[in-house]
Amino acid sequence: MPRHVVVGGHVMTTVEEVLEHYQPHKDTMPLAQWRRVRPLAVQAVRAAGYTSVHGAHFALKAVAQFLAWADDGGVQLLPDVAFTPDLVERFCATRGKDLSDRTVANYRSSLRSAARAVTKTAPWPPLPKQYADHVHLAPPYTPAEIAAFWECARSQATPHRERVMTAMLALGLGAGLRVSEVLAVSASTHIRLHPRDHRLCVVILEGRTVPVLLTYAPAVLDLCERYPEGPLIGPHRVNTKDPMGVVRKHLEIPRSLPRLVMSRLRTTWMTSLLIQPDIRISEFMVMAGTVSSRTLEDIAPFIPYRAANDEYLFKGAGL
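Described in the following lines is the structure provided in the data block.

The rules behind each value
- Residues numbered from 1 in each chain as written.
- Predicted model: local features only at pLDDT ≥ 70, side-chain atom pairs only at ≥ 80, totals over all residues.
- Heavy atoms only, no water.
- Helix = DSSP H or I, 4+ residues; strand = E, 2+ residues; numbered from the N terminus.
- Buried < 20%, exposed > 50% of the residue type's maximum accessible area, 1.4 Å probe, protein only.
- Contact = heavy atoms within 4.5 Å.
- Areas by Shrake-Rupley, 256 points an atom, 1.4 Å probe, with all protein chains shown as cover.
- Lys, Arg positive; Asp, Glu negative; His and termini not counted.
- Charge placed at Lys NZ, Arg CZ, Asp CG, Glu CD.
- Salt bridge = Lys/Arg side-chain N within 4 Å of Asp/Glu carboxyl O.
- Patch = residues over 30% accessible without salt bridge, like charges linked within 9 Å, V, L, I, M, F, W, Y side chains within 5 Å.
- Axes fitted to C-alpha atoms, helices over the stretch in contact; angles between N-to-C directions.
- Parallel < 35°, antiparallel > 145°, perpendicular 65-115°, else oblique.
- Left-handed = near helix turned anticlockwise from the far one by under 90°.
- Nonpolar A, V, L, I, M, F, W, Y, C, P; charged D, E, K, R; others polar.
- Pairing = 2+ DSSP bridges.
- Core = buried A, V, L, I, M, F, W, Y, C linked by side-chain atoms within 4.5 Å.
- Expected span 1.5 Å × (residues − 1).
- Polar contact = N/O pair within 3.5 Å; in protein donor to acceptor, adjacent residues only side chain to side chain.

**Notes on the overall build of the protein chain**
Across its full length, the protein chain holds 17 helices and five strands. Put simply, the protein chain has 319 residues, and 44% of those count as buried. For the protein chain, contacts bridging at least 24 residues in sequence account for 65% of all contacts bridging at least 6. Taken as a whole, the protein chain presents about 17600 Å² of accessible surface, with 54% of it coming from carbon and sulfur. Computing the positive centroid from 37 side-chain charges and the negative centroid from 29, the protein chain places the two 4 Å apart.

The following block contains the structure:
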């Protein structure tokens, strides 16, 4: 990617040049309105500390659109008045009708970064230090990416490849299994239905039992029915340097999709689990097989923050 952006005839190679010269197209924002929102937009993006020209450019575009939307709604263009979690979430919900999930997520991320940097009293939760310095967990896949992966699994060229990809998706998204666990899990040894309620499918591992999310239980049970013996993912050599790499080597996945890896499937499962009602931290850690609080700190930025209409306050009060 080139280390510059061109807007309105200006070639911008530094973040400060972006902040100085950026201007929305007149068809998307009247010049008079840009003059109103520009001071706060520039202040917020500068405070966020972007070092990438492209990152600063996208952030300024997102912040400008957000502030214009707020201005249209009669919101005062002051940091702690405009940059509240509730307004940001309402804006993203509005923009989400016209944009892809990935783009809306990028808008949300840029707005949250700018908001946290420029506000003093708005109720933004601080980011965990580890997340601010380095992301230890791979980000979850988006719903659109998950749907595309399932479609891709159904269209694999051979039954074996379909089996491999289906097992990866079902066990990763449904139970958050690690690579070594996915390679070992079999129907006869590890998969059981709860004796009192057959809707509950569980994976029995050494040291923990993991419930399969209801959405993915049919896929797991279908694999068990088709392949009652041996690893659900299929036969493979366990003594190679990268057995999972060998197993998935020939999967046909379009370049438009991100790389399919168990770590991101596991993170996606974690986020799905943590937004379930009534899940307690101690229960999550048992099911995930982790004893470190760092996992919770790293996963927190990926859990939706229920800011709209102060929902998190009502939840916190037990209402």
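**Side note on the pattern of salt bridges**
Tallied over the entire structure, the rule returns 12 salt bridges. Notably, a salt bridge pairs Glu89 with Arg108, separated by 3.2 Å at the nearest N-O pair. With Glu89 in helix H5 (residues 85-95) and Arg108 in helix H6 (residues 101-118), this pair connects stretches of sequence that are 19 residues apart. In this structure, the salt-bridge partner of Arg178 is Glu181, at a minimum N-O distance of 3.3 Å. Judged by its relative accessible area of 13%, Glu181 is buried. One salt-bridge network, in which partners are shared between bridges, spans Glu89, Arg108 and Arg112.

**Side note on a nonpolar patch on the surface**
Among the surface-exposed residues, Leu313, Phe314 and Leu319 lie close enough to one another that they form a single nonpolar patch of about 350 Å² accessible area. Of note, Leu313 is situated in helix H17 (residues 311-316). By relative accessible area, Leu313 is classed as partly exposed at 46%.

**Remarks on the packing of helix H2 (residues 31-48) against helix H3 (residues 53-72)**
The geometry of H2 relative to H3 is characterised by a closest axis approach of 9 Å and an angle of 130° between their N-to-C directions. In terms of their interaxial angle, H2 and H3 are classed as oblique. Crossing hand, H2 versus H3: right-handed. From H2, Gln33, Trp34, Arg36, Val37, Leu40, Ala41, Val42 and Val45 reach across to H3, where they touch Ala56, Ala59, Leu60, Val63, Ala64, Leu67, Ala68, Asp71 and Asp72. Its residues placed into classes, the contact of H2 with H3 shows 13 nonpolar, one polar and three charged.

**With respect to the sheet that holds strand S5 (residues 208-211)**
With antiparallel pairing, three strands are arranged side by side in an open sheet as S3-S4-S5. The open sheet has two edge strands, strand S3 (191-193) and S5, and neither has a second partner. This sheet shows a mean twist of 30° between the axes of neighbouring strands, independent of strand direction. Where S3 and strand S4 (residues 201-205) come together, three bridges link them in antiparallel fashion. Note that in S4 the partner of Arg192 across the bridge is Val202.

**Remarks on the nonpolar core**
By size, the foremost hydrophobic cluster in this structure holds 54 residues, and its most contacted members are Met168, Leu169 and Ile233. At the level of secondary structure, the elements contributing two or more residues to this core comprise helix H8 (143-154), helix H9 (159-175), helix H10 (179-184), S4, helix H12 (217-226), helix H13 (243-247), helix H14 (262-274) and helix H15 (281-288). With residues up to four places along the chain from it excluded, the contact list for Ile233 reads His160, Arg163, Val164, Ala167, Met168, Val182, Leu183, Met244 and Val247. In this structure, Met12, Leu40, Ala62 and Phe66 belong to the second largest nonpolar core, which totals 39 residues.

**Some points on the pairing of S4**
Among the five residues in S4, four count as buried, and that is most of the element. Of the strand pairs in this sheet, S4 and S5 are connected by four bridges, and their pairing is antiparallel. Each residue of the ladder has a partner; that of Val203, found in S5, is Val210. Following S4, the chain reverses through two residues before pairing antiparallel with S5; Gly207 in that reversal takes a positive phi of roughly 95°.

**Concerning H2**
Given 3.6 residues to a turn, an α-helix orients residues that are three or four positions apart in the same direction. Its 18 residues place the ends of H2 25 Å apart at the C-alpha level, agreeing with the 26 Å of an ideal helix rising 1.5 Å per residue. Turning to H2, its buried residues number three or more, namely Gln33, Trp34, Val37, Leu40, Ala41, Val42, Ala44 and Val45.

**Some thoughts on the environment of Gln33**
In this structure, Gln33 sits in helix H2. You can call Gln33 buried: its relative accessible area is 7%. Separated by 34 residues in the primary sequence, Gln33 and Leu67 have C-alpha atoms spaced 9.5 Å apart. With near-sequence residues (within four places) excluded, Gln33 lies in contact with Ala68, Asp71 and Asp72. From its side chain, Gln33 meets the backbone oxygen of Ala68 in a polar contact 3.3 Å long.

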